Protein chains: 2
Amino acid sequence: MKAKVHVTLKQGVLDPQGKAVQHALAALGFTGVGDVRQGKFIELDIAEADPAKAKAQVEEMCRKLLANTVIENYAIDLEG
Amino acid sequence: MKAKVHVTLKQGVLDPQGKAVQHALAALGFTGVGDVRQGKFIELDIAEADPAKAKAQVEEMCRKLLANTVIENYAIDLEG
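By convention here, each chain's residues receive numbers from 1 onward along its written sequence. For naming, the first written chain is A and the first written ligand is 1, with later ones following in the order written. Note on the predicted model: pLDDT of at least 70 is required for a residue's local features to be given, and 80 or more for side-chain atom pairs to be given and counted; whole-chain, interface and lining totals, by contrast, use all residues. Working from all heavy atoms in the structure, the side-chain values ignore hydrogens and water.

**Regarding empty space enclosed by the protein**
Okay, step 1: Only protein atoms enter the calculation, which uses a 1 Å grid: trapped sets of points that fit a 1.4 Å probe without letting it out are cavities, open sets showing protein on both sides within 12 Å along at least five of seven lines are pockets, and any residue with an atom within 4 Å of a point is a lining residue. Grid points are joined across faces, edges and corners, and a volume is the space filled by probe spheres set on the points. The tally for this structure, following the rule as stated, stands at one cavity of 30 Å³ or more.
Okay, step 2: In this structure, the largest cavity occupies an estimated 30 Å³ of space.
Okay, step 3: Forming the boundary of the largest cavity are T8, L9, D15, R37, Q38 and G39 of chain A together with E43 of chain B.
Okay, step 4: Among the elements of the structure, strand 1 (2-9) and strand 2 (33-46) of chain A are those that each provide at least two residues to the lining of the largest cavity. By definition, any uninterrupted DSSP run of H or I lasting at least four residues is a helix, any uninterrupted run of E lasting at least two residues is a strand, and each is numbered from the N terminus.

**Examining the interface of chain B and chain A**
Okay, step 1: Whether two residues are in contact is decided by their heavy atoms: any pair within 4.5 Å suffices. Contacts between the two partners involve 30 residues from chain B and, on the opposite side, 30 residues from chain A.
Okay, step 2: Summed over both partners, the interface of chain B with chain A buries about 2,600 Å², with 66% contributed by carbon and sulfur atoms.
Okay, step 3: When a carboxyl oxygen of Asp or Glu lies within 4 Å of a side-chain nitrogen of Lys or Arg, that pair is called a salt bridge. Scanning the region where chain B abuts chain A turns up zero salt bridges.
Okay, step 4: We call two N or O atoms a polar contact when they sit within 3.5 Å, provided that within protein one can donate a hydrogen and the other can accept it, with sequence-adjacent residues counted only if both atoms are side-chain atoms. Where chain B touches chain A, the interface holds 13 residue pairs in polar contact (both at pLDDT 80 or more).
Okay, step 5: The leading source of residues in the side of chain B that touches chain A is strand 2 (residues 33-46) of chain B, at 14 residues. Buried area is a sum: the accessible area each of two parts loses on coming together, probed at 1.4 Å, counted once for each and added.

**Considerations on the pairing of strand 2 of chain B**
Okay, step 1: Whether a residue is buried, partly exposed or exposed follows from its accessible area with a 1.4 Å probe, protein chains only, as a fraction of its type maximum: under 20%, in between, or over 50%, in that order. The buried count for strand 2 of chain B comes to ten of 14 residues, which makes it a mostly enclosed element.
Okay, step 2: Taken together, the eleven bridges between strand 2 of chain A and strand 2 of chain B define a ladder with antiparallel strand orientation. Along strand 2 of chain B, the bridge assignment pairs Q38 of chain A with I42 of chain B. For two strands to count as paired, DSSP must find a minimum of two bridges between them.

And the structure:
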């Protein structure tokens, strides 16, 4: 089973990486670009075939390693 | 209009960051975790309201700044 995890900064947390991208886009001549936020996207191959168990396992991975839950949110999508 | 961009390494390109996550998960006791690939997830607010024009604009951003098309693929989703 494939798990896709999005880790994004929580609302209100400063995102210097996103701001750098925003300024770089403006410098390249792209107009009308508002807020830019950058996050992480992680794809995992999981041996667990049961969707409920797989989701619980990936949630634990997010809490323990993949996301810093003080400042980041995570979202999990399971496939196959 | 909101654009969501996924930038991922192409098949066959080594992903040391993903490998590090994979080993860290194993060290934490998570079993049955196969390949792990890490990419970037970028959310942009675009002033352009026409979906076709917005998509073309974001594609240009990907080619010029957001992705290194030699080793990375990008996927664009538009919302709103």
